[in-house]
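Inside the fold
Each chain, letter by letter, is given below.
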Amino acid sequence: MEKKVKLLVVGGGPAGLAAAVAAKEAGITEGDILIMERDEELGGILNQCIHNGFGLHTFKEELTGPEYAARYARKVRDAKIPYLLHTIVADIRAEGETKYVTAMNKQEGMFTVEARAVVLAMGCRERPRGALNIPGYRPAGIYSAGTAQRYVNMEGRMPGKEVVILGSGDIGLIMARRMTLEGAKVKLVAELMPYSGGLKRNIVQCLDDFGIPLKLSHTVVDIDGKERVKGVTVAAVDENRKPIAGTEEYISCDTLLLSCGLIPENELSAGLGVELNPVTSGPVVNESLETNVEGVFACGNVLHVHDLVDYVSEEAENAGRNAAAYIMRSMCRQQGKTGENGEKGKNGIIEIKIKIGERVRYTVPSTLRLNYMQEEQVVRFRVGEVCQDAVLAVYFNDTPVMRIKKRVMAPGEMEQVKFKKAKLEDYPDLKEIRIAVEQEENG
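These notes cover the structure that comes with them. (Residues numbered from 1 in each chain as written. Predicted model: local features only at pLDDT ≥ 70, side-chain atom pairs only at ≥ 80, totals over all residues. Heavy atoms only, no water.)

Examined against the element boundaries, Ala422 turns out to sit in helix α8 (residues 421-425). Take Ala422: its relative accessible area is 46%, and that puts it in the partly exposed class. Spatially, the C-alpha atom of Ala422 lies 10.0 Å from that of Gln374, the residues being 48 residues apart in sequence. (Helix = DSSP H or I, 4+ residues; strand = E, 2+ residues; numbered from the N terminus. Buried < 20%, exposed > 50% of the residue type's maximum accessible area, 1.4 Å probe, protein only.)

This part is about the environment of Ala390. Note that Ala390 resides in strand β24 (residues 387-396). The spacing of Ala390 and Phe419 is 29 residues in sequence and 20 Å in space, taken between C-alpha atoms.

When strand β1 (residues 2-10) meets strand β8 (residues 109-120), the two strands line up parallel, connected through eight bridges. Looking across to β8, one finds that Leu8 is bridged to Val118. Pairing analysis gives seven bridges linking strand β7 (residues 98-105) to β8, with the strands arranged antiparallel. Residue pairing in the sheet places Tyr100 in a bridge with Glu114 of β8. In this structure, the hairpin formed by β7 and β8 is closed by a connection of three residues. Bridging between β8 and strand β19 (residues 296-298) involves three bridges; their strand directions are parallel. Note on β19: the bridge partner recorded for Leu120 is Ala298. (Pairing = 2+ DSSP bridges.)

Here we come to the packing of aromatic side chains. According to the stated counting rule, one finds seven aromatic pairs in the structure shown. Here Phe297 and Tyr326 contribute two aromatic rings whose centre-to-centre distance is 6.1 Å and whose plane-to-plane angle is 65°, an arrangement assigned as edge-to-face. Separated by 29 residues along the polypeptide, Phe297 in strand β19 and Tyr326 in helix α7 (residues 309-334) bring together distant segments of the chain. In this structure, Phe297 and Tyr326 share a single accessibility class: buried. On the numbers, 6.2 Å between centres and 40° between planes, the contact of Phe396 with Phe419 is tilted. Here Phe396 is found in strand β24, whereas its partner Phe419 is found in strand β26 (residues 415-420), with 23 residues between them in sequence. When its relative accessible area of 3% is taken as the criterion, Phe396 is described as buried. Residue Phe419 is classed as buried on the basis of its relative accessible area of 2%. One aromatic cluster is present, formed by Phe59, Tyr68 and Tyr72 through successive ring pairs. Taking the ring centre of Tyr72 as reference, the NZ or CZ of Lys75 above it sits at 4.7 Å. Geometry around Tyr311 places Arg380 over its ring, the cationic atom sitting 4.5 Å from the centre. (Phe/Tyr/Trp six-rings, centres within 6.5 Å; stacked < 30°, edge-to-face > 60°. Lys NZ or Arg CZ within 6 Å of the ring centre and 35° of its normal.)

Judged by nonpolar contacts, the single largest core of 70 residues is most densely connected at Leu7, Leu8, Met36 and Ile92. Broken down by element, the residue count for this core peaks at nine residues, all from α7. If sequence neighbours within four positions are ignored, Leu7 has contacts with Ala23, Asp32, Ile33, Leu34, Ala117, Val118, Val119, Ala323 and Ile327. With 22 residues, the next largest nonpolar core counts Val360, Cys387, Leu430 and Ile435 among its residues. (Core = buried A, V, L, I, M, F, W, Y, C linked by side-chain atoms within 4.5 Å. Contact = heavy atoms within 4.5 Å.)

Turning our eyes to something else, we now look at the layout of surface pockets. Within this model, the second largest pocket holds a volume of roughly 850 Å³. In terms of lining residues, the second largest pocket is bounded by 35 residues, among which Asn286, Glu290, Thr291, Glu351 and Thr367 are the most central. Of all the secondary structure elements, the ones that give two or more residues to the lining of the second largest pocket are α7, β20 (351-356), β21 (360-364) and β22 (367-369). The leading source of residues in the lining of the second largest pocket is β20, at five residues. For the lining of the second largest pocket, the class distribution of residues is 14 nonpolar, nine polar and twelve charged. (1 Å grid on protein atoms, 1.4 Å probe; cavity = no way out; pocket = protein on both sides within 12 Å on 5 of 7 lines; lining within 4 Å. Points joined across faces, edges and corners; volume = space filled by probe spheres on them. Nonpolar A, V, L, I, M, F, W, Y, C, P; charged D, E, K, R; others polar.)

This part takes up the packing of helix α4 (residues 170-181) against helix α5 (residues 200-207). Where α4 meets α5, the axes come as close as 8 Å, and the angle between the chain directions of the two elements is 20°. For the element pair α4 / α5, the angle class is roughly parallel. For the pair α4 and α5, the sense of crossing is left-handed. Contact with α4, carried on its side by Asp170, Leu173, Ile174, Ala176 and Arg177, involves Asn202, Ile203, Gln205, Cys206 and Leu207 of α5 and no other residues of that element. (Axes fitted to C-alpha atoms, helices over the stretch in contact; angles between N-to-C directions. Parallel < 35°, antiparallel > 145°, perpendicular 65-115°, else oblique. Left-handed = near helix turned anticlockwise from the far one by under 90°.)

Glancing now at the pairing of strand β25 (residues 399-409). Sheet topology places β24 next to β25; nine bridges connect them, and they run antiparallel. Paired with Phe396 across the two strands is Thr399, which belongs to β25. With antiparallel pairing between neighbouring strands as the criterion, β24 and β25 make up a hairpin whose turn holds two residues, including Asn397 at a positive phi of roughly 55°.

Following this line, the structure appears as structure tokens:
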């Protein structure tokens, strides 16, 4: 099978669905869009997130994960956007303005789809035990928190009865509550860092409300058991995250859940030649969420790990609209017409770099092209440490233009700053925007 489309969306989770719907609304006909999803249904990871708390920004009501996913899946079906399930994308290559996507499934075998633009929305995966260097045997009873969530919420199976959780990411916190509600005893959540990696509300609702202890600056240093986990040894760590001798504590358990971070799924991106940010492990993008490979856009957790799915949908809608605009410009160029802004190629593009300052780990996007900016541009970022009584400072070149007092900022919660296009245009020599988190000056 060989097929031609204008837009191919890789991934049928919340990001991919929102991008496809937005592209259709922006003028790409339903027959010119195709979604490819490797799972058996649309919705991605949301299908196993049966807790509520989704949709407050997008739908102005509180939904469970499956409910949120179902609403976007319904939008896709109502828009008559075609999609392929059980389909694995094996390779993407770009030849000029044409992208060739090699995929496979049970019905068609291996086939190629030719597209003018591609939206990458593959999501992310959990960091496995092998990446954590925990000594000990390889007994049964060690799961990633996401795998345990699927077992409990979708397959009706309990991983164990006495549980220790390593890592305080949102999935780990939510599974601490879920396992407790299903009758298990969660003895401890241990976190390597001196702060939690999850949302504050999840710490309160999932740990504090159930009396589950959280030990910061602690890690698992040994796993006991050959056939099945019998217990783990945890120890405090120093400022270099090395275990401190004499602080070891043995905790009996039959299950260890790992919630030690998420990694964007960017093997396809790397193979395509997309530039990746070493901090996020996601693509480097501009204001249109376009990568360095022309016509290839990225959104959702494949771009950077989000804390709220509502932000994923908002970001993905922007990617879908921008992909549609790119396709239309590309078609104009093919017909010998000048595109939007009256330019061809990159001539005449006003480009502004976004630089990270003190305590800021990264920003998305990292470049603004003034010609393509909307009237308001959201720049999202995360801090590298807990910052209390701080100031969010923004500089145009070296001129301070914004100072916002922040009572607390934490790595587990995404921050954002908005820029008005009109204000940027007031600075004709603007080459660089720097975002920093500074200590508040007394008095």
